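Here are the chains, one letter per residue:
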Amino acid sequence: MNSNNMYIYGASGHAKAVLDLLEDLAGVKGVYDDNMGVKSILGLEVSHPNSKKLPGDFPYIVAIGSNLVRKNIVEQKLAEHAFVTLVHPSSIVSKAAELGVGTVLMENSIVKIDSTVGNHVIINTASTVDHDCVVGDYGHIGPGATLCGGVSIGKGTLIGAKAVVLPGVKVGEWCAIAAGSIVHQDVADGATWIGTALKK
Ligand SMILES: CC(=O)SCCNC(=O)CCNC(=O)[C@H](O)C(C)(C)COP(=O)(O)OP(=O)(O)OC[C@H]1O[C@@H](n2cnc3c(N)ncnc32)[C@H](O)[C@@H]1OP(=O)(O)O
């Protein structure tokens, strides 16, 4: 699956990690980034689209760590384009789980039975989405984070590295959960949670 032809949008640290998921880079038909200062990544030339129409012959992956920037690129620049889903071979995905388009599962991540992961989500290294979870579009489950069973994560929300969301908890849209936190109650849209409490 990871050796299909595709374009990559984004050329910073997260893009490097995404390129490293691919069996080889021969299938990468182009890399785009809005930053004119970025000229290459892992030996691949980086193009700067500006007002140029982006090619549509192969699907894209938007490899940008910021959830909001990723959303804006998808919806403003690639609204007419198709996307791939990348799953590292070391990941474990239940046959009864659903993964959206443009979503990336990094090494050793796990998505368990009856979970649904939306579009353009990052399931980062060694994170766990346990049974019956929902992760909304443009979310990011950080490295080593754990979603216990029946957790719901709203659109655009960042779950920081090694954070734990306890069973059945609902985290709203566009929230930030600090690295290492334990989330034991529901979190409202747009809120920041640090440690074991909402940020004052
Ligand atoms: C491969 C990769 O790298 S993937 C990257 C995944 N990303 C992450 O895991 C990062 C997650 N983000 C965080 O943890 C951030 O600290 C956030 C979003 C929660 C907070 O960021 P900001 O809103 O900028 O808050 P800020 O940095 O000003 O910190 C606010 C306070 O919380 C404290 N704080 C911030 N993060 C944490 C944390 N993880 N644990 C404990 N305290 C924290 C700060 O020390 C500060 O304390 P103070 O008010 O006493 O000085």
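Note that the structure is a prediction, hence the values are computed from the model and not measured.

## A word on the state of the cysteines
- This structure, assessed with the given rule, holds zero disulfides.
- Left without a disulfide partner, Cys 148 is nearest to the cysteine sulfur of Cys 133, which lies 7.9 Å away.
- Judged by its relative accessible area of 18%, Cys 148 is buried.
- The thiol sulfur of Cys 175 is not disulfide-bonded, and the nearest other cysteine sulfur, from Cys 133, lies at 15 Å.

## What about the pairing of strand 2 (residues 28-32)?
- Strand 2 sits mainly inside the fold: four of its five residues count as buried.
- Bridge analysis of strand 1 (residues 6-9) against strand 2 gives four bridges, and the strand direction is parallel. Looking across to strand 2, one finds that Tyr 7 is bridged to Gly 30.
- On the question of chirality, the crossover connecting strand 1 to the parallel strand 2 by way of helix 1 (residues 13-19) is right-handed.
- Here strand 2 pairs with strand 4 (residues 44-47) via two bridges, running parallel. By the bridge assignment for strand 4, Val 31 is matched with Val 46.

## Observations concerning the nonpolar core
- The biggest cluster of nonpolar side chains holds 26 residues, and the ones touching the most others in it are Leu 147, Ile 153, Ile 159, Val 165 and Val 171.
- Leu 21, Leu 44, Val 104 and Met 106 belong to the second-largest nonpolar core, a separate cluster that totals 20 residues.

## Brief notes about the pattern of salt bridges
- On inspection of all chains with the given rule, the structure shows two salt bridges.
- Close ionic contact of Asp 34 with Lys 77 constitutes a salt bridge, the shortest N to O distance being 3.1 Å. Here Lys 77 lies in helix 2 (residues 67-77) and Asp 34 lies in the loop between strand 2 and strand 3 (40-41), a separation of 43 residues in the sequence.
- Lys 71 is the partner of Glu 75 in a salt bridge, and the nearest nitrogen-oxygen pair spans 3.2 Å.

## Let's talk about the sheet that holds strand 11 (residues 116-117)
- Ordered by their spatial adjacency, five strands build an open sheet running 8-11-14-17-20, and the pairing between neighbours is parallel. The open sheet has two edge strands with one neighbour each: strand 8 (98-99) and strand 20 (170-171).
- Two elements, strand 11 and strand 14 (residues 134-135), share two bridges in a ladder whose sense is parallel. Bridging across to strand 14, Thr 116 finds its partner in Val 134.

## Topic: the pairing of strand 4
- Judged by which residues are buried, strand 4 turns out to be one-sided: Leu 44 and Val 46 face inward and are buried, whereas Glu 45 and Ser 47, on the alternate face, are not.
- Inspection of the sheet shows strand 3 paired to strand 4 by two bridges, in the antiparallel sense. Across the sheet, residue Ser 40 finds its bridge partner in strand 4, namely Glu 45.
- Hairpin geometry of strand 3 and strand 4 is characterised by an intervening segment of two residues between the two adjacent antiparallel strands and by a positive phi of about 50 degrees at Leu 42.

## Details of the domain arrangement of the protein chain
- Partitioning the protein chain into structural domains gives domain 1 (6-77) and domain 2 (85-200).
- A separation of 23 Å is found between the C-alpha centroids of domain 1 and domain 2.
- Summed over both sides, the interface between domain 1 and domain 2 buries roughly 1,300 Å², with carbon and sulfur atoms accounting for 69% of that surface.
- It is Leu 21, Asn 67 and Arg 70 that lose the most area in domain 1 upon contact with domain 2, and together they represent 42% of the buried surface on that side.
- In this assembly, domain 1 and domain 2 are joined by zero salt bridges.
- Counting every contact that joins domain 1 to domain 2 gives seven residue pairs in polar contact (both at pLDDT 80 or more).
- Secondary structure elements with two or more residues in the side of domain 1 that touches domain 2: helix 1 and helix 2.

What counts, and where the lines are drawn
Within every chain, residues take consecutive numbers counted from 1 along the sequence as written. Predicted model: local features are reported for residues with pLDDT of at least 70 only, side-chain atom pairs are reported and counted for 80 or more only, and whole-chain, interface and lining totals are derived from all residues. To get the side-chain values, all heavy atoms of the structure are used, and hydrogens and water are removed first. In plain terms, two cysteine sulfur atoms within 2.5 Å form what is called a disulfide here. In this scheme, a residue with accessible area under 20% of its type's maximum is buried, one over 50% is exposed, and one in between is partly exposed, where area comes from a 1.4 Å probe on protein chains only. By definition, any uninterrupted DSSP run of H or I lasting at least four residues is a helix, any uninterrupted run of E lasting at least two residues is a strand, and each is numbered from the N terminus. Any two strands between which DSSP finds at least two bridges are classified as paired. By convention a crossover is right-handed if, when the strands point away from the viewer, the path from the first strand over the helix to the second runs clockwise. Take the buried residues of types Ala, Val, Leu, Ile, Met, Phe, Trp, Tyr and Cys, join any two whose side-chain atoms come within 4.5 Å, and each joined set is a nonpolar core. For salt bridges, the criterion is a side-chain nitrogen of Lys or Arg within 4 Å of an Asp or Glu carboxyl oxygen. An automatic or database domain assignment supplies the start and end points of every domain. Accessible area that two parts lose when put together, with a 1.4 Å probe and added across both, is what the buried area reports. We call two N or O atoms a polar contact when they sit within 3.5 Å, provided that within protein one can donate a hydrogen and the other can accept it, with sequence-adjacent residues counted only if both atoms are side-chain atoms.

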